[in-house]
Amino acid sequence: MTRPRSRAERVRQVAGRIRWYVREFTGESAYERYVAHARAHADAGAPTGEVMTRRAFERSRTDAREADPREGFRCC
């Protein structure tokens, strides 16, 4: 039998789920996924074996998004 959760535990759980959703929706967690993937596959032929910095990663994402017209429209 599980014990009933306190109100504070439920609030923390809901806040954690909201935080996860916002990070996924805004792309904030993309860098962490990239780092985990790059480190896991470093031995599988990564060109330099190094992980991009956060700034380089975001620049790369932005460049790729702007180069592909299917990704979204940009007026300027």
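All of the points below concern the structure found in this document. (Residues numbered from 1 in each chain as written. Predicted model: local features only at pLDDT ≥ 70, side-chain atom pairs only at ≥ 80, totals over all residues. Heavy atoms only, no water.)

Here we look at the overall build of the chain
Threshold: Helical segments are the DSSP runs of H or I of at least four residues, strand segments are the runs of E of at least two, and each set is numbered from the N terminus. Here the term buried applies to any residue with accessible area under 20% of the maximum for its type, exposed to any over 50%, and partly exposed to those in between, with areas from a 1.4 Å probe on protein chains only.
Assigned secondary structure in the chain consists of 3 helices and 0 strands. Along the chain direction, N to C, the helices and strands of the chain fall in the order α-α-α. Out of the 76 residues in the chain, the part that is buried amounts to 13%.

Comments concerning the side chain of S29
The criterion, for reference: Nitrogen and oxygen atoms within 3.5 Å of one another constitute a polar contact, given that in protein one can donate a hydrogen and the other can accept it, and given that sequence-neighbouring residues count only through two side-chain atoms. Note on definitions: a residue-residue contact is assigned when non-hydrogen atoms from the two residues lie within 4.5 Å.
Mapped onto the elements, S29 comes out in the loop between α1 (7-26) and α2 (30-40). Reaching out from S29, the side chain makes a polar contact with the side chain of R33 at a distance of 2.9 Å. Not counting residues within four places of it along the chain, the set of residues in contact with S29 comprises R23 and E24.

Considerations on a positive patch on the surface
What counts here: Like-charged residues are merged into a patch within 9 Å and nonpolar side chains (Val, Leu, Ile, Met, Phe, Trp, Tyr) within 5 Å, provided each residue has over 30% relative accessible area and no salt bridge. Methods summary: accessible areas were calculated by the Shrake-Rupley approach with a probe of 1.4 Å, and residue burial reflects only the protein chains presented. The salt bridge definition used is simple: a Lys or Arg side-chain nitrogen within 4 Å of an Asp or Glu carboxyl oxygen. The charge count includes Lys and Arg as positive and Asp and Glu as negative, but it does not include His or the ends of the chains. Note that the charge is assigned to NZ on lysines, CZ on arginines, CG on aspartates and CD on glutamates.
Taken together, R5, R7, R10 and R17 make up a surface patch of like positive charges. Checked against the element boundaries, R10 lands in helix α1. Of the residues examined, R10 reaches a relative accessible area of 43% and is grouped as partly exposed.

Observations concerning the packing of aromatic side chains
For clarity, the threshold we go by: Aromatic rings from Phe, Tyr and Trp, with only the six-membered ring used for Trp, were paired whenever their centres fell within 6.5 Å, and each pair was classed as stacked if the ring planes differed by under 30 degrees, edge-to-face if by over 60, and tilted otherwise.
Inspection of the entire model under this criterion finds 4 aromatic pairs. Ring centres of Y31 and Y34 lie 6.0 Å apart, and the angle between their planes is 40°; this geometry places the pair in the tilted category. Residue Y31 and its partner Y34 are both found in helix α2; the two are separated by 3 residues, about one turn of the helix. Each of the two residues, Y31 as well as Y34, counts as buried. An aromatic cluster of three or more residues is present, and its members are Y31, Y34 and F57.

Considering the nonpolar core
Put simply, the rule reads: Joining through side-chain atoms within 4.5 Å is the link that ties buried Ala, Val, Leu, Ile, Met, Phe, Trp, Tyr and Cys residues into a set, and such a set is a nonpolar core.
Within the largest apolar cluster, 6 residues are counted, these being A30, Y31, Y34, V35, A38 and F57. Counting residues per element, this core draws most heavily on α2, which supplies 5 residues.

Re the pattern of salt bridges
Pairs may arise between side chains of opposite charge once their charged atoms sit close together. In this structure the tally under the stated criterion is 6 salt bridges. Across the pair D63 and R59 runs a salt bridge whose closest N-O atoms are separated by 2.9 Å. Of the two residues, D63 and R59 both sit in helix α3 (residues 54-67), 4 residues apart, roughly one turn of that helix. One salt-bridge network, held together by shared partners, links E28, R54, E58 and R61.

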